[in-house]
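Each chain, letter by letter, is given below.
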Amino acid sequence: MIYKRSSALFTDAEKVIPGGVNSPVRAFKGVGGTPVFVKEAKGAYLYDEDDNRLIDYINSWGPMILGHAYEPVVNAVIEKAKKGTSFGMPTEIETKIAQLAVSMVPNIDKIRFVNSGTEACMSAIRLARGFTGKDKIIKFAGCYHGHSDSFLIQAGSGASTFGTPNSPGVTQGTAKDTLLANYNDIKNVETLIDANRGEIACIIIEPVAGNMGCIPPKEGFLESLRSLCNKHNILLVFDEVMTGFRLAKGGAQELYGINADIVCYGKVIGGGLPVGAFAARSEIMNHLAPLGPVYQAGTLSGNPLAMAAGLAMLTELNSDAEVFNRLSEKTEYLHKGITKVLHDNNVPHTINRVGSMISVHFDESEVYDFTTAAKGNNDTFKSFFHGMLNEGVYIAPSAFETWFITDALTYGDLDFTINAVNRAVKNL
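As annotated in an unreviewed UniProt entry, the chain carries the name Glutamate-1-semialdehyde 2,1-aminomutase and is attributed to Hyunsoonleella jejuensis. Per UniProt, the comment on the chain under Sequence similarities (unreviewed entry) is "Belongs to the class-III pyridoxal-phosphate-dependent aminotransferase family. HemL subfamily." Listed under Catalytic activity (unreviewed entry) in UniProt, the entry text for the chain is "(S)-4-amino-5-oxopentanoate = 5-aminolevulinate".

Given below as structure tokens:
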């Protein structure tokens, strides 16, 4: 494919935007080459600035669950924009989407809207600390909860050592309160809790990880986390920025039958506009200002355009009883097709899938945490990415990101993708 205009646009962008992008993974540093600049999108397809059509498997990293430019969402935003784009005052639509979200999700009484998943997770941690009166948190290596300082931490040298900053600008003082655990390793979590007894406010986790590829929880892992939190008076925080309203109406809580204490949302809940949220039972949420002492605020929180998009999206998902089954069936179909192609071409691989999230790892070993995800052959992935791009299929430009399936994909699109994989792997 030809990407002359994209290349020129990237050259211009690099002069005025750090790295030419406003979010690092877009720069193609993980795969090499020049990023593709999008002109427009509709349904399951992206159209770039060189007029190439690409089948889209990132879907704005998750929110386009019903497809790009989904008409009810677009119309809702247009009509709301005609009446003003921001007020900094309460609006009725905020209550409407809150009522709908609470009705769809088990185990939450109140929800507060913010502007991003990062902000939601950051606020949830502050709320957990304020509610419990404790400072430390446990997060899992490979789980991404946004770029707040508390989360940009890498593992230390031992199971009970403090984390060390993973980015310049994150202080040691912040890092010492973040403890790193291994995903799907309950013994490791128990060791951390024992070494820091009475000091841990919460455990935050992606119930299905999406930032080291798609990695599901092992059987019993989430249940064991819930039990440990109950035993030690620790809050369990689910980061459902990716999984919320995607794996089921009630997200991973519903899918796995596990009640978290605080749940974070983003992506789907905004219908493609910048929205995040965090929710919990009233006892916890009432600690937020103006009711309680834990401060959190945002000028654009509850923005009417974002609320209109989110309300339209959740209304569609809530009214379509079969949408999550369709998404899961399409993802399973793609999984089986890619597996056969890779097997027939003798390409070592492992594929993980949960609902409408799926990832291909170029290693035969089971992938269940960040260490095992990192074993994949990154050179193979780079070639695979560019091979798929040349075939007209856009996947995440990183070996450590899940693919997201949209209901707008037809089985013809899935067959096209499977055939594209067959052609791409022949050149690996």
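Enquirer: Could you clarify how one ought to interpret the overall build of the chain in this entry?
Expert: On a plain count of helices and strands, the chain comes out with 14 helices and 16 strands. Over its C-alpha trace the chain gives a radius of gyration of 21 Å, about what one expects of a compact globule, namely 22 Å for 428 residues. Here the chain, with 428 residues, has 53% of them falling under the buried criterion. Computed over 38 positive and 45 negative side-chain charges, the separation of the two mean positions in the chain equals 3 Å.

Enquirer: When you look at the side chain of arginine 226 in this model, what are you seeing that I'm missing?
Expert: Checked against the element boundaries, arginine 226 lands in helix H7 (residues 221-232). Separated by 2.9 Å, the side chains of arginine 226 and asparagine 230 make a polar contact. At 2.8 Å, the side chain of arginine 226 and the backbone oxygen of asparagine 259 are in polar contact. The residues touching arginine 226, leaving out its near neighbours within four places in the chain, are Ile234, Leu236, Ile258, Asn259, Ala260 and Asp261.

Enquirer: Sorry, what's going on with the UniProt feature "modified residue: N6-(pyridoxal phosphate)lysine" (unreviewed entry) in the chain here?
Expert: Per the UniProt entry, the sites bearing "modified residue: N6-(pyridoxal phosphate)lysine" (unreviewed entry) are Lys267 in this numbering. Assessed through its relative accessible area of 25%, lysine 267 is described here as partly exposed. In this structure lysine 267 touches Trp61, Gly62, Pro63, Val241, Met242, Gly272 and Val275, once residues within four positions along its chain are discounted.

Enquirer: How should I be thinking about the packing of aromatic side chains in this particular structure?
Expert: Remark: the centre distance and the inter-plane angle together describe each pair of aromatic rings, the angle taken between the planes. With the rule as written, the count across this model stands at ten aromatic pairs. Ring geometry for phenylalanine 140 versus phenylalanine 221: centroids 5.9 Å apart, planes at 75°, classification edge-to-face. Linking phenylalanine 140 in strand S5 (residues 136-140) with phenylalanine 221 in helix H7, this pair joins segments that are 81 residues apart in sequence. Considered together, phenylalanine 140 and phenylalanine 221 belong to a single accessibility category, that of buried residues. Aromatic rings pair up to connect Phe28, Phe385 and Tyr394 into one cluster. Of note, arginine 53 hangs over the ring of tyrosine 45, and the distance from its end group to the ring centre comes to 4.0 Å. The ring of tyrosine 368 has lysine 218 lying over it, and the distance from NZ or CZ to the ring centre is 4.1 Å.

Enquirer: Help me understand the environment of aspartate 51 in this model?
Expert: Relative to the helices and strands, aspartate 51 is located in the loop between strand S2 (45-48) and strand S3 (53-56). With relative accessibility at 58%, the residue aspartate 51 sits in the exposed group. A polar contact is formed between the side chain of aspartate 51 and the side chain of lysine 39, at a distance of 2.5 Å.

Enquirer: How should I be thinking about the packing of helix H3 (residues 92-104) against helix H10 (residues 304-319) in this particular structure?
Expert: A pair of packed helices is captured by two measures, namely the crossing angle of their axes and the spacing between those axes. As a packed pair, H3 and H10 sit with axes 10 Å apart at the nearest point and diverge in direction by 30°. As far as their axial angle goes, H10 and H3 are roughly parallel. Viewed along their axes, H3 and H10 form a crossing whose handedness is left-handed. On H10, the residues touching Ile93, Glu94, Lys96, Ile97, Leu100, Ala101 and Met104 of H3 are Met307, Ala308, Gly310, Leu311, Leu314, Thr315, Leu317 and Asn318. Looking at the contact of H3 with H10 residue by residue, the class counts come to ten nonpolar, three polar and two charged.

Enquirer: Would you mind showing me how to read the pairing of strand S12 (residues 276-280) here?
Expert: Regular strands have side chains that alternate between both faces of the sheet. Burial analysis of S12 places five of its five residues in the buried class, the great majority of the element. Alternating positions in S12 separate into two faces, Gly276, Phe278 and Ala280 on one and Ala277 and Ala279 on the other, with burial throughout.

Enquirer: I keep staring at unusual backbone geometry and nothing clicks. Help me out?
Expert: A negative phi angle characterises most non-glycine residues, just as the trans form characterises most peptide bonds. Following alanine 289, the chain continues to proline 290 via a peptide bond in cis, the omega torsion being 10°. With respect to the element layout, proline 290 can be found in the loop between helix H9 (282-285) and H10. A positive phi angle is found at asparagine 107, which is not glycine, with a value near 75°. By secondary structure assignment, the location of asparagine 107 is in the loop between H3 and strand S4 (110-114). At asparagine 346, a position not held by glycine, the phi torsion is positive, near 55°. Within the secondary structure layout, asparagine 346 lies in the loop between helix H11 (323-344) and strand S13 (350-354).

Enquirer: Help me understand the state of the cysteines, please; the structure alone is not making it clear to me.
Expert: A disulfide bridge is the covalent bond that connects two cysteines by way of their sulfur atoms. Inspection of every chain in the model, using the stated rule, returns zero disulfides. Cysteine 202 takes part in no disulfide bond, and the closest cysteine sulfur, belonging to cysteine 229, lies 8.5 Å away. The cysteine cysteine 264 is free of any disulfide, with cysteine 121 supplying the nearest cysteine sulfur at 4.0 Å. Overall, cysteine 264 belongs to the buried group, its relative accessible area being 0%.

Enquirer: Sorry if this is basic, but what is going on with the sheet that holds strand S1 (residues 38-42) here?
Expert: Strands pair in a sheet through their backbones, by hydrogen bonds, and they do so in one of two ways: parallel or antiparallel. Strand order in this open sheet of four strands is S1-S2-S3-S15, and the pairing throughout is mixed. The strands lining the two open edges of the sheet, one partner per strand, are S1 and strand S15 (393-394). When S1 meets S2, the two strands line up antiparallel, connected through four bridges. From the neighbouring strand, alanine 41 faces S2, where its bridge partner is leucine 46.

Enquirer: Just to check I follow, could you spell out the domain arrangement of the chain for this structure?
Expert: When the parts of a complex come together, some accessible area is lost, and that lost area is often taken as the interface size. We note that the domain assignment places domain 1 (4-69 + 322-426) and domain 2 (71-319) within the chain. For domain 1 and domain 2, the distance between their C-alpha centroids amounts to 25 Å. Opposite the 29 residues of domain 1 that make contact, domain 2 presents 32 residues. When domain 1 packs against domain 2, close to 2,400 Å² is buried across both sides, 68% of that on carbon and sulfur atoms. Three residues, Phe324, Val354 and Met357, lead the burial of domain 1 against domain 2; their summed loss comes to 25% of the area buried on that side. Linking domain 1 with domain 2 are zero salt bridges, by the criterion used here. Seen at the junction of domain 1 and domain 2, the total is ten residue pairs in polar contact (both at pLDDT 80 or more). Taken together, the elements giving at least two residues each to the side of domain 1 that touches domain 2 come down to H11, S13, strand S14 (357-361) and helix H12 (370-373). Ranked by residue count, the leading element in the side of domain 1 that touches domain 2 is S14, at four residues. In the side of domain 1 that touches domain 2, the residues fall into 18 nonpolar, seven polar and four charged.

How each quantity is defined
Residues numbered from 1 in each chain as written. Predicted model: local features only at pLDDT ≥ 70, side-chain atom pairs only at ≥ 80, totals over all residues. Heavy atoms only, no water. UniProt positions renumbered as here; feature names shortened; annotations may be inferred. Helix = DSSP H or I, 4+ residues; strand = E, 2+ residues; numbered from the N terminus. Rg over C-alpha atoms; globule rule 2.2 N^0.38 Å. Buried < 20%, exposed > 50% of the residue type's maximum accessible area, 1.4 Å probe, protein only. Lys, Arg positive; Asp, Glu negative; His and termini not counted. Charge placed at Lys NZ, Arg CZ, Asp CG, Glu CD. Polar contact = N/O pair within 3.5 Å; in protein donor to acceptor, adjacent residues only side chain to side chain. Contact = heavy atoms within 4.5 Å. Phe/Tyr/Trp six-rings, centres within 6.5 Å; stacked < 30°, edge-to-face > 60°. Lys NZ or Arg CZ within 6 Å of the ring centre and 35° of its normal. Axes fitted to C-alpha atoms, helices over the stretch in contact; angles between N-to-C directions. Parallel < 35°, antiparallel > 145°, perpendicular 65-115°, else oblique. Left-handed = near helix turned anticlockwise from the far one by under 90°. Nonpolar A, V, L, I, M, F, W, Y, C, P; charged D, E, K, R; others polar. Disulfide = S-S within 2.5 Å. Pairing = 2+ DSSP bridges. Domains from an automatic or database assignment. Buried area = accessible area lost by both parts, 1.4 Å probe. Salt bridge = Lys/Arg side-chain N within 4 Å of Asp/Glu carboxyl O.

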